[in-house]
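# Coordinates in review
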Amino acid sequence: MGCSLKWFLPLLAILYWVSQTSGVENRLACGRRKVKSLYLIHNGIDAKAGHWPWHVALFHRKDGQYEYACGGSILDENTILTAAHCVYTQSGVISASRVSVDVGRIHLNETSEYTQTHRVREIIVHPGFSKNSIINDIALIKLGSNITMNKYVQPVCLWTRDSNQESIVGRNGTIVGFGLNEQDVVSDQLKQAQIGVVDALTCIASDRGVFGTHLTSDMFCGKGEKGVSACNGDSGGGMFFEVSGKWYVRGLVSFTPLRGNTGLCDPLKYTAYTNVTMHLEWIKPYIDERVLSYESDVLDIDYEEKLRLFNFETCGVKSSSYVENGTSWTLPWLGSVRTPNDGVPRCTITLISEWYAVGPAHCFEDDRNEYVQL
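Scoring rules and cut-offs
- Residues numbered from 1 in each chain as written.
- Predicted model: local features only at pLDDT ≥ 70, side-chain atom pairs only at ≥ 80, totals over all residues.
- Heavy atoms only, no water.
- Salt bridge = Lys/Arg side-chain N within 4 Å of Asp/Glu carboxyl O.
- Buried < 20%, exposed > 50% of the residue type's maximum accessible area, 1.4 Å probe, protein only.
- Pairing = 2+ DSSP bridges.
- Helix = DSSP H or I, 4+ residues; strand = E, 2+ residues; numbered from the N terminus.
- Axes fitted to C-alpha atoms, helices over the stretch in contact; angles between N-to-C directions.
- Phe/Tyr/Trp six-rings, centres within 6.5 Å; stacked < 30°, edge-to-face > 60°.
- Contact = heavy atoms within 4.5 Å.
- pLDDT = per-residue confidence, 0-100.

Bringing the pattern of salt bridges into the picture now. Applying the stated criterion across every chain yields a total of five salt bridges. The residue glutamate 122 makes a salt bridge to arginine 121 at a minimum N-O spacing of 3.8 Å. Between lysine 284 and glutamate 281 there is a salt bridge, with its nearest N and O atoms 3.2 Å apart. Relative accessible area serves as the criterion here: at 16%, lysine 284 is assigned to the buried category. For glutamate 281, a relative accessible area of 59% puts it in the exposed group.

With that out of the way, let us pick up the sheet that holds strand β7 (residues 99-103). One closed barrel holds the six strands; their spatial order is β2-β3-β4-β9-β8-β7, and the pairing between them is antiparallel. Here the average twist between neighbouring strands, direction ignored, is 45°. As defined by bridge partners, strand β4 (residues 79-82) adjoins strand β9 (residues 139-143) across four bridges and the pair is classed as antiparallel. Considered in β9, the bridge of threonine 82 is made with alanine 139.

Another aspect to go through is the packing of aromatic side chains. For the coordinates displayed, the defined rule picks out 13 aromatic pairs. On the numbers, 5.9 Å between centres and 20° between planes, the contact of tryptophan 52 with phenylalanine 240 is stacked. Here tryptophan 52 is found in the loop between β1 (45-46) and β2 (55-62), whereas its partner phenylalanine 240 is found in strand β14 (residues 238-243), with 188 residues between them in sequence. Assessed through its relative accessible area of 4%, tryptophan 52 is described here as buried. Between tryptophan 52 and tryptophan 247, the aromatic rings sit 4.9 Å apart at their centres with planes inclined by 80°, giving edge-to-face as the arrangement.

Relative to the assigned elements, valine 249 resides in strand β15 (residues 246-255). Each C-alpha atom, one on valine 249 and one on glycine 31, is 8.8 Å from the other, the two residues being 218 residues apart in sequence. With sequence-adjacent residues up to four places away left out, valine 249 is seen in contact with Ser73, Leu81, Val156, Cys157, Leu158, Trp159, Gly238, Met239, Phe240 and Val276.

On to the pairing of β14, then. Across the six residues that make up β14, a large majority, five, are buried. Relative to β14, strand β11 (residues 172-177) is paired through two bridges, and the arrangement is antiparallel. Looking at β14, one finds that isoleucine 175 is bridged to methionine 239. In this sheet, β15 lies alongside β14 in antiparallel orientation, the contact comprising six bridges. Looking at the pairing, methionine 239 lines up with glycine 251 of β15.

With that settled, the discussion passes to the confidence of the model for the protein. Close reading of the predicted structure is inappropriate where its pLDDT is low. Model confidence for the protein is summarised by a mean pLDDT of 79, while 73% of its residues fall at 70 or above. Considering only residues more than four positions removed or in separate chains, one finds that residues 1-25, a stretch of pLDDT under 50, has one contact. Contacts for the low-pLDDT stretch residues 296-303, under 50 throughout, to residues beyond four places or in other chains number nine contacts.

Moving on, we get to unusual backbone geometry. With a phi angle near 60°, asparagine 136 is a residue other than glycine that sits in the positive phi range. Note on placement: asparagine 136 falls in the loop between β8 (116-125) and β9. For asparagine 136, a relative accessible area of 14% puts it in the buried group. The backbone phi angle of serine 244 is positive, close to 55°, even though this residue is not glycine. By the secondary structure assignment, serine 244 is in the loop between β14 and β15. You can call serine 244 exposed: its relative accessible area is 61%.

Right, dumping it as structure tokens:
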């Protein structure tokens, strides 16, 4: 019995390790850009191919022609997240045969080698949504064929973190869409804009006639600067937040006050977003849960992105000897951390790019009192 127990305990440890590692390996990547991006996001700028690889365009067939209707986000190989009102008509849920989904598209009027078109197999609207209410404005679209993932087409992560809305108040999210531009026409170019999230009381106070009667606990509000906001055609598109290098969809463009009697959005007003996190339990049964990310997950580092810090064309090249205080140097990437008072070297560091150097952690315990000499 003692011998059996001696073998049994290590076996349990091995099985536990296998279960943990296999769980990580089976996870599907989400929220990662695969296209190099070196520019900052400003309000209302053009989106680049692959910069928002999870954004999709929804089209409705009318009189034999497909017309652009709304935006959406890729959750897995055959599931799209969008707003319920994007797939709803006066007679109820639109027929799946009348909806088409394009992924990898950054222009409405022209396709590219990255664009994929998918027919729709099923439309799943939240059971609490109705044409007479804006509550539960969320829906899922199941595609008739699997999406081919590449560096221009990727799924976004669902927000599985704290569902408390206060955690995003005061923060900027990013919205993406083909909505109306400054000339009140649908934009041919995919646009992106930063939107600041505000608390519910601020939103209601800005327009009590609209938000006072329609804003619910499963929504939050946001607005950009200088009149930049979501508008007609942006509905269903996501509001995205970046956390530790991953992008998460936290909101869906739902509604905004109208500009007089025009039937068009008022860009000076706040926009209401469906809080996706509040509907996570409803979403889970319909998706591949391997795309879900949790704070307890092993840290997922995008090493390809980190490698952009290095210049492989110039690194590691020896120089001619450089003499200082009788000491010869032929390795120009070496430097030292010194104290400002006496200039005494504390330790050696290695230059890895124009902006970064690495060295022992204890050398930087109080970096306010030290400088680096190369």
